Amino acid sequence: MKRTTLFDRTFRDREGKIVIAQMPNLPILVWLAATLLQLILPSGNLHTGLNLVAFGALFTWAWQELFEGVNYFRQSLGLVVLVGMVALRLNFG
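Definitions and limits used
- Residues numbered from 1 in each chain as written.
- Predicted model: local features only at pLDDT ≥ 70, side-chain atom pairs only at ≥ 80, totals over all residues.
- Heavy atoms only, no water.
- 1 Å grid on protein atoms, 1.4 Å probe; cavity = no way out; pocket = protein on both sides within 12 Å on 5 of 7 lines; lining within 4 Å.
- Points joined across faces, edges and corners; volume = space filled by probe spheres on them.
- Helix = DSSP H or I, 4+ residues; strand = E, 2+ residues; numbered from the N terminus.
- Axes fitted to C-alpha atoms, helices over the stretch in contact; angles between N-to-C directions.
- Parallel < 35°, antiparallel > 145°, perpendicular 65-115°, else oblique.
- Left-handed = near helix turned anticlockwise from the far one by under 90°.
- Contact = heavy atoms within 4.5 Å.
- Nonpolar A, V, L, I, M, F, W, Y, C, P; charged D, E, K, R; others polar.
- Salt bridge = Lys/Arg side-chain N within 4 Å of Asp/Glu carboxyl O.
- Buried < 20%, exposed > 50% of the residue type's maximum accessible area, 1.4 Å probe, protein only.
- Phe/Tyr/Trp six-rings, centres within 6.5 Å; stacked < 30°, edge-to-face > 60°.

Caption draft 1: Broad picture of the layout of surface pockets. Its volume calculated, the largest pocket comes out at about 300 Å³. In terms of lining residues, the largest pocket is bounded by 15 residues, among which Asp 8, Arg 12, Asp 13, Arg 14 and Val 70 are the most central. For the lining of the largest pocket, the elements supplying multiple residues, two or more each, are α1 (6-11) and α4 (72-92).

Caption draft 2: The arrangement of the packing of helix α2 (residues 26-40) against helix α3 (residues 45-68) in detail. The interhelical angle for the contact between α2 and α3, taken along N-to-C directions, is 155°, at an axis separation of 8 Å. The angle between the axes of α2 and α3 places the two elements in the roughly antiparallel class. Of the two elements, α2 crosses α3, and the hand of that crossing is left-handed. On α3, the residues that touch Pro 27, Ile 28, Val 30, Trp 31, Ala 34, Thr 35, Leu 37 and Gln 38 of α2 are His 47, Leu 50, Asn 51, Val 53, Ala 54, Ala 57, Leu 58, Thr 60, Trp 61 and Gln 64. For the contact of α2 with α3, the residue count by class is twelve nonpolar, six polar and no charged.

Caption draft 3: Structural detail: the pattern of salt bridges. Scanning the entire structure with this criterion turns up three salt bridges. Notably, a salt bridge pairs Lys 17 with Glu 15, separated by 3.2 Å at the nearest N-O pair. With its nearest N and O atoms 3.0 Å apart, the salt bridge here joins Arg 74 to Glu 65. Each member of the pair, Arg 74 as well as Glu 65, carries the same accessibility label: buried.

Caption draft 4: Fine view of the packing of aromatic side chains. What the rule picks out here adds up to five aromatic pairs. Relative to Phe 11, the ring of Phe 7 lies with its centre 5.2 Å away and its plane at 45°, an arrangement referred to as tilted. Note that Phe 7 and Phe 11 are positioned in helix α1 at a spacing of four residues, about one turn of the helix. Phe 7 gets classed as partly exposed once you look at its relative accessible area, which sits at 42%.

Without other data, these values stay purely geometric and don't point to any function.
Right, here's the structure in full:
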């Protein structure tokens, strides 16, 4: 029986593949689209709505990574993004 090391738990998924980046899922695609649209629309109600959609989508992605990430690295990435988002929102909100 092979012992799993900290490296394995940090960077490998259940199949033993090293996973650092993955194909974008729906929350990341929604966040990207809403963020890009915010650049086109500098102000107004639509910009505010897009800001909320972008925040919600990125929050959802970070939450999913934190609790369903395939390894410790992905879970840590979700935690860092989640804490960073909340800190920035509190600082600039």
